[in-house]
Protein chains: 2
Amino acid sequence: MPAPRQAQIAEAPERSTLPAGRNLLFLREEELRLAQDLLFFGYRDFTAGADEILAGMSMGRAHHRVLHFVGRRPGITVGDLLGILAITKQSLGRVLQPLMEDGYVVQTPGRADRRQRLLALTDKGAALERRLFERQRETVMQAYREAGPAAVEGFRRVMRGLMGEQARAAFDMLEGPPAP
Amino acid sequence: MPAPRQAQIAEAPERSTLPAGRNLLFLREEELRLAQDLLFFGYRDFTAGADEILAGMSMGRAHHRVLHFVGRRPGITVGDLLGILAITKQSLGRVLQPLMEDGYVVQTPGRADRRQRLLALTDKGAALERRLFERQRETVMQAYREAGPAAVEGFRRVMRGLMGEQARAAFDMLEGPPAP
DNA sequence: CCGTTTGGGTCAGTATCATTGACCGATCCG
DNA sequence: CGGATCGGTCAATGATACTGACCCAAACGG
């Protein structure tokens, strides 16, 4: 008998024939578990296509994120980019440095504040970003088509609701005015 | 003039006053960029709460995923779990091993096939999983409430659409019948 | 019954993404 | 001028993942 350590095994959650009163709570719990699963599988496959391309260039998701957000906001400062990504300076540096050395991104000193380094994609950087973009476009567009326009609107509302304060502010800044 | 290397700077994408014919294409492009942003920010904050708890226990997201899926399918085999997570045996081992040593997960030999190791949460494991679950529940439930039931349905449809073949099969198995 | 396949575990080495804490130079601003 | 800010950099660490090779034990099939 292989049991020198008799651990308590948790009971499996019930899946049917519930006491009437708990029904609503149970549904909410299942709803949540469903959401966890959806987000795990969905996000993974959303990024999978771009990850594949990146792997072949000894880059990773972090590089893609920089390309994406710099492309979205040309002239963004390093500080603002850090705020969007919510990573440390060092983590960004390790990704941004090679991107600049390899000619995907350039920085130019700010005119108003010369301490700032304004980031922008080169043509080469924009081309790579576009390649990654097109790959994800296929995935997302198919999901949008299958789901329909109303579903897309719902998807947006829920995803936005998942964000915290800080992310929502960054998000609104990105989607909002071209530049302050 | 600090320009020994004159890189081409890509033009910023236009944001208004488009040639009429390209309008639709432009909207689709913006739609996609919006989706990318939503998924990045949304997923990050969805996992942030649980990540915080895990960090305090020298665990990471990978541990959470194991607890989640084992909790969802008690008695799951190692092979099936590998299929769901889509990682290598070695990667799973490095996470599963400590979880078993620390008494969060137990394995029992399969009755039909004694090569199999059937995984289950201990009470301790179920308690931790619940703690993580409750944390994410707050985030998701608030997003659901804000967005409304119709939006939730749309969210589900789109997330499911993002999945590839393999993920969709795993997903359907999870949400489907209690056990084969 | 014996050989092959399958389920699971393990070793060694490598890569990416992230962290902390400290420190520096250049620039801005009161 | 002096402090605050923007950006870069050092060193060390940890989590997650990968490949390829190899092993044991149990199941399966001719």
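Residues numbered from 1 in each chain as written. Chains lettered and ligands numbered in written order. Predicted model: local features only at pLDDT ≥ 70, side-chain atom pairs only at ≥ 80, totals over all residues. Heavy atoms only, no water.

Draft legend 1. Representation of the nonpolar core within the structure. Counting residues in hydrophobic clusters, the biggest one holds 100 residues, and the most contacted among them are Phe41 of chain A together with Phe41 of chain B. Residues within four places of phenylalanine 41 of chain A in sequence aside, it is in contact with Phe69, Ile84, Met163, Ala167, Ala170, Phe171 and Leu174 of chain B. (Core = buried A, V, L, I, M, F, W, Y, C linked by side-chain atoms within 4.5 Å. Buried < 20%, exposed > 50% of the residue type's maximum accessible area, 1.4 Å probe, protein only. Contact = heavy atoms within 4.5 Å.)

Draft legend 2. Representation of helix H6 (residues 149-162) of chain A within the structure. Taking 1.5 Å per residue as the helical rise, H6 of chain A with its 14 residues ought to reach 20 Å, and the 20 Å between its terminal C-alpha atoms agrees with that figure. Looking at H6 of chain A, one finds that the buried residues are Ala151, Val152, Gly154, Phe155, Val158, Met159, Gly161 and Leu162 of chain A. (Helix = DSSP H or I, 4+ residues; strand = E, 2+ residues; numbered from the N terminus. Expected span 1.5 Å × (residues − 1).)

Draft legend 3. Highlighting the interface of chain A and chain B. Of the residues lining the interface, 82 residues belong to chain A; the matching set on chain B comes to 81 residues. When the two sides are added together, the surface that chain A and chain B hide from each other amounts to roughly 7,700 Å², 64% of it contributed by carbon and sulfur. The tally of links between chain A and chain B comes to ten salt bridges. Residue glutamate 29 of chain A is joined to arginine 130 of chain B by a salt bridge in which the shortest nitrogen-to-oxygen separation is 2.5 Å. It is helix H1 (residues 23-55) of chain A that provides the largest number of residues to the side of chain A that touches chain B, a total of 20 residues. Tallied by class, residues from the side of chain A that touches chain B come to 43 nonpolar, 15 polar and 24 charged. (Buried area = accessible area lost by both parts, 1.4 Å probe. Salt bridge = Lys/Arg side-chain N within 4 Å of Asp/Glu carboxyl O. Nonpolar A, V, L, I, M, F, W, Y, C, P; charged D, E, K, R; others polar.)

Draft legend 4. Region of interest: the pattern of salt bridges. Going through the model one piece at a time under the given rule, you end up with 30 salt bridges over all chains. Arginine 72 of chain B serves as the salt-bridge partner of glutamate 30 of chain A, at 3.7 Å between the closest nitrogen and oxygen. Separated into two different chains, glutamate 30 of chain A in helix H1 and arginine 72 of chain B in helix H2 (residues 61-72) make up a pair that spans both. Residue class for glutamate 30 of chain A comes out partly exposed when judged on its relative accessible area of 24%. Look at arginine 72 of chain B and you get buried, because its relative accessible area is 4%. The network of salt bridges with shared partners includes Glu29 and Arg33 of chain A together with Glu129, Arg130, Glu134 and Arg137 of chain B.

Draft legend 5. Layout of the protein's contact with DNA strand C. Around DNA strand C sit 26 residues in total, of which Gly60, Arg65 and Ser91 of chain A together with Lys89 and Arg115 of chain B are the nearest. Separating a phosphate oxygen of DNA strand C from a backbone N or O atom of arginine 114 of chain A is a distance of 2.8 Å. In the model, a base oxygen of DNA strand C is placed 3.4 Å from a nitrogen or oxygen of the arginine 115 of chain A side chain. Residue assignment for the surface near DNA strand C shows that the elements contributing at least two residues are helix H2 (61-72) and helix H4 (89-101) of chain A together with helix H3 (78-85) and helix H4 (89-101) of chain B. The residue makeup of the surface near DNA strand C, split by class, is five nonpolar, twelve polar and nine charged. (Near = heavy atom within 4 Å. Polar contact = N/O pair within 3.5 Å; in protein donor to acceptor, adjacent residues only side chain to side chain.)

Draft legend 6. Structural view of the relation of the copies chain A and chain B. Superposition of chain A onto chain B requires a rotation of 180° combined with a translation of 0.0 Å along the rotation axis, giving an RMSD of 0.0 Å. What we have between these two chains is a two-fold relation. Among all C-alpha atoms of chain A, that of phenylalanine 155 of chain A lies closest to the rotation axis, at 1.8 Å. A share of 99% of interface residues in chain A that are also interface residues in chain B marks the association as one of identical surfaces. (Least-squares fit on C-alpha atoms with pLDDT ≥ 70 in both.)

Draft legend 7. Seen up close, the confidence of the model for chain A. All names here are of chain A. For chain A, per-residue confidence averages 88 on the pLDDT scale, and residues scoring 70 or more make up 83% of the total. Here residues 1-6 is a poorly scored stretch, pLDDT under 50, and it has two contacts once near neighbours within four places are set aside; other chains count. The low-confidence segment residues 15-24, where pLDDT is below 50, has eight contacts with residues more than four positions distant or belonging to other chains. (pLDDT = per-residue confidence, 0-100.)

Draft legend 8. Local environment of the sheet that holds strand S3 (residues 117-121) of chain A. All names here are of chain A. Taken in spatial order, the three strands of this open sheet run S1-S3-S2, and their pairing is antiparallel. Both outer strands of the open sheet, strand S1 (76-77) and strand S2 (105-109), are each paired with one neighbouring strand and no more. Of the pairings in the sheet, the one linking S2 to S3 comprises five bridges and is antiparallel in character. Looking at S3, one finds that threonine 108 is bridged to leucine 118. H2 contacts S1, S2 and S3 of the sheet and is inclined by roughly 100° relative to S3. (Pairing = 2+ DSSP bridges. Axes fitted to C-alpha atoms, helices over the stretch in contact; angles between N-to-C directions.)

Draft legend 9. Up close: the packing of aromatic side chains. Scanning the entire structure with this criterion turns up 13 aromatic pairs over all chains. Taking 4.1 Å as the distance between ring centres and 5° as the angle between the ring planes, the aromatic pair formed by tyrosine 43 of chain A and tyrosine 43 of chain B counts as stacked. Remark: tyrosine 43 of chain B occurs in helix H1 (residues 23-55) and tyrosine 43 of chain A occurs in helix H1; the pair is interchain, linking two chains. Side by side, tyrosine 43 of chain A and tyrosine 43 of chain B carry an identical accessibility label, which is buried. A cation over a ring is seen here: arginine 33 of chain B above phenylalanine 133 of chain A, with NZ or CZ 4.0 Å from the ring centre. Against the face of tyrosine 104 of chain B rests lysine 124 of chain B, its NZ or CZ located 4.6 Å from the ring centre. (Phe/Tyr/Trp six-rings, centres within 6.5 Å; stacked < 30°, edge-to-face > 60°. Lys NZ or Arg CZ within 6 Å of the ring centre and 35° of its normal.)

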